[in-house]
Amino acid sequence: MRTQVGIVGAGPAGLLLSHLLHLRGIDSVVLEARSRHYCETRIRAGVLEQGTADLLVASGVGGRMTREGLVHRGIVLRFGGRDHRIDLSELTGGRTILVYGQHEVVKDLIAARLDAGGEIFFDVEDVAVGDLDTAAPRIRFRRGGEARELRCDFIAGCDGFHGICRPSIPPGVLTIYEHAHPFAWLGILAQAPPASAELIYASHARGFALLSMRSPEVSRLYLQCEPAEAIGEWPDDRIWQELRRRFETDEGWTLRDGPVLQKGITAMRSFVASPMQHGRLFLLGDAAHIVPPTGAKGLNLAAADVRVFVEALDAFYAAGRTDLLAGYSAACLRRVWKVQRFSWWMTSMLHRSAEGEFFDRLHLAELDYVTSSRAAATALAENYVGLPFAPA
Ligand code: FAD
Ligand code: PHB
């Protein structure tokens with residue numbers, strides 16, 4: 001088999017890449033280790049920057065998102081028993097965010113690719129990439145028990161943090177920058193109307209909690225927990241009780257509960273692999289970098305890498321230019337590090353750690369500052385809605 005761009009992974013990065021390449025007349029094949037059903041029901045991110053949503057609309061896959069997604073113009077920071085609203089739109093010249101589940105984006109992209117005759121092979125096994133230093137790299141895999149090989153011009157490693165592409169780069173090429181945060185998030189999806197129209201980021205002496213949503217009937221809630229805790233230690237009653245405590249306000253705000261549809265614990269990590277390229281293998285999204293979810297940035301950063309890579313491939317195929325491909329990593333990493341900074345800042349400001357009372361006071365002062373200074377609030381808002389894109 002042959003294609004122009006062999007894509008490993010059918011998450012948001014791999015699918016969006018395949019879709020945008022198709023619109024530019026560039027062929028690709030997507031290889032995915034899990035089933036279509038698994039990819040379409042994996043509950044993860046929920047916040048799209050306006051720029052990400054605009055890209056989906058402009059590329060023709062935003063129909064259902066525009067109908068069902070929830071446009072938000074602000075977020076709430078809750079601490080000291082009170083709410084402090086950050087008016088994202090007012091502070092950023094009218095920009096907004098869109099609450100729309102990542103798995104819905106994935107569903108829309110899979111449907112668009114398959115409708116256009118695109119090739120996505122689900123349930124493939126033993127994926128391995130090779131000949132990365134040549135102009136004809138290849139991907140070996142098994143499909144239905146049968147060994148196959150895909151020859152391509154380029155390989156896009158969109159296989160997430162635990163994928164095989166990044167570890168296939170020879171030792172000594174990549175520099176890894178990493179920070180493991182001393183806490184994790186327990187997340188639930190609940191059949192309960194969200195108790196607030198806007199996201200609430202709550203900083204409480206017992207730890208951080210976040211209220212988000214997927215629809216007017218379904219809430220998405222998170223609470224800070226220990227990384228070593230098992231989900232079995234958290235029966236539903238304990239989760240609701242802990243959420244109620246962390247969201248309590250002086251005005252007697254009440255959380256709405258309901259049946260828990262899904263729950264899980266996610267470790268929090270900051271990670272960057274540099275450069276995001278080796279030979280003809282390019283890394284995109286979580287395969288190259290991870291941010292803690294407090295800034296709601298991971299999916300948006302994956303989409304930003306895709307934008308840069310599509311322009312570079314287009315310049316290569318349309319005009320034989322290699323300069324944008326050579327500059328891919330540097331272009332992506334500029335945004336990646338700014339987003340790392342923002343995600344780390346939001347995380348340290350809002351979570352409780354064992355660093356001690358001195359740091360708890362600093363974080364409270366930071367919250368006080370960000371909610372009382374227009375300049376500080378603007379800095380939060382412009383990062384949250386998404387930094388602008390530099391021209392290619
Ligand atoms: P992934 O979504 O991880 O996709 C990688 C794909 O590759 C998967 O389908 C995987 O099955 C496949 N794969 C792996 N190995 C192989 C292999 N060997 N062969 C073939 N296929 C393989 N981001 C936000 O922007 N906003 C948020 O609000 C937000 N909230 C989050 C909340 C949680 C609880 C979590 C866990 C993450 C959150 N994120 C958020 C981050 C976001 O989900 C990720 O950044 C995003 O999924 C990255 O997309 P990706 O395509 O790079 O990787
Ligand atoms: C979500 O809705 O899943 C979500 C929202 C905001 C975040 C992280 C996750 O910061």
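You'll find the structure just up there.
Notes on the structure in this doc start here.

Basis of the calculations
Numbering of residues starts from 1 in every chain and runs along the sequence as written. Going through the entries in the order they are written, you letter the chains from A and number the ligands from 1. With the structure being a predicted model, the display of local features is reserved for residues of pLDDT at least 70 and the display and counting of side-chain atom pairs for 80 or more, all residues being used for whole-chain, interface and lining totals. The basis for every side-chain value is the complete set of heavy atoms in the structure, and neither hydrogens nor water enter the calculation. Note on pairing: DSSP must find at least two bridges between two strands before they are called paired. For the purposes of this entry, the term helix denotes a DSSP run of H or I that reaches at least four residues, the term strand denotes a run of E that reaches at least two, and both are numbered from the N terminus. Being near a molecule or strand, for a residue, means having at least one of its heavy atoms within 4 Å of it. Throughout this description, a polar contact denotes any pair of N or O atoms lying within 3.5 Å of each other; where both atoms belong to protein, one of them has to be capable of donating a hydrogen while the other can accept it, and for residues adjacent in sequence the pair is counted only when both atoms sit in side chains. To be clear on the numbers: accessible area is Shrake-Rupley with a 1.4 Å probe, and residue cover counts the displayed protein chains and nothing else. Residues are grouped as follows: nonpolar covers Ala, Val, Leu, Ile, Met, Phe, Trp, Tyr, Cys and Pro; charged covers Asp, Glu, Lys and Arg; every other residue, Gly included, is treated as polar. Only protein atoms enter the 1 Å grid, on which a cavity is a set of points fitting a 1.4 Å probe that cannot get out and a pocket is an open set with protein on both sides within 12 Å along at least 5 of 7 lines, lining residues being those with an atom within 4 Å of a point. Grid points are joined across faces, edges and corners, and a volume is the space filled by probe spheres set on the points.

**A word on the sheet that holds strand β19 (residues 281-283)**
Two strands in a sheet stick together by hydrogen bonds in their backbones, pointing the same way (parallel) or opposite ways (antiparallel).
Then, in step 1: Judged by pairing direction, the sheet is mixed, and its six strands sit side by side in the order β8-β2-β1-β12-β19-β18 without closing on themselves. The sheet is open, and its two borders are formed by β8 (119-121) and β18 (277-278), each paired with just one other strand.
Then, in step 2: In this structure, strand β1 (residues 5-8) lies alongside strand β12 (residues 154-157), joined through four bridges in parallel fashion. Of the residues in β12, the one forming a bridge with Gly-6 is Ile-155.

**Some words on the site of ligand 2**
Then, in step 1: The environment of ligand 2 is made up of 14 residues, and the closest members are Tyr-201, Ser-212, Arg-214, Tyr-222 and Pro-293.
Then, in step 2: A distance of 3.4 Å separates an oxygen atom of ligand 2 from a polar backbone atom of Thr-294.
Then, in step 3: Here ligand 2 has 280 Å² of accessible area as a free molecule, and 97% of this is covered by the chains.
Then, in step 4: Of all the secondary structure elements, the ones that give two or more residues to the shell around ligand 2 are β15 (207-215) and β16 (218-225).
Then, in step 5: Ranked by residues supplied to the shell around ligand 2, first place goes to β15 with three residues.
Then, in step 6: Classifying every residue of the shell around ligand 2 gives eight nonpolar, three polar and three charged.

**Digging into empty space enclosed by the protein**
Then, in step 1: A full pass over the atoms with the stated rule returns two cavities of 30 Å³ or more.
Then, in step 2: In this model, the largest cavity occupies a volume close to 50 Å³.
Then, in step 3: Taken together, Pro-12, Leu-16, Thr-52, Leu-56, Val-105, Leu-109, Leu-299 and Ala-303 make up the full set of residues lining the largest cavity.
Then, in step 4: Residue assignment for the lining of the largest cavity shows that the elements contributing at least two residues are α1 (12-23), α3 (50-58), α6 (102-115) and α8 (298-319).
Then, in step 5: The residue makeup of the lining of the largest cavity, split by class, is seven nonpolar, one polar and no charged.
Then, in step 6: Roughly 40 Å³ of internal volume is contained in the second largest cavity.

**Quick look at the site of ligand 1**
Then, in step 1: The immediate surroundings of ligand 1 are formed by 32 residues, with Glu-32, Arg-42, Gln-102, Asp-286 and Leu-299 found nearest.
Then, in step 2: Backbone polar atom of Ala-13 to an oxygen atom of ligand 1: 2.9 Å apart, as the coordinates give it.
Then, in step 3: At 2.7 Å from an oxygen atom of ligand 1 is found a side-chain nitrogen or oxygen belonging to Gln-102.
Then, in step 4: Listed by contribution, the elements that provide at least two residues to the shell around ligand 1 are α1 and α8.
Then, in step 5: Per element, the largest residue contribution to the shell around ligand 1 is three residues, and it comes from α8.

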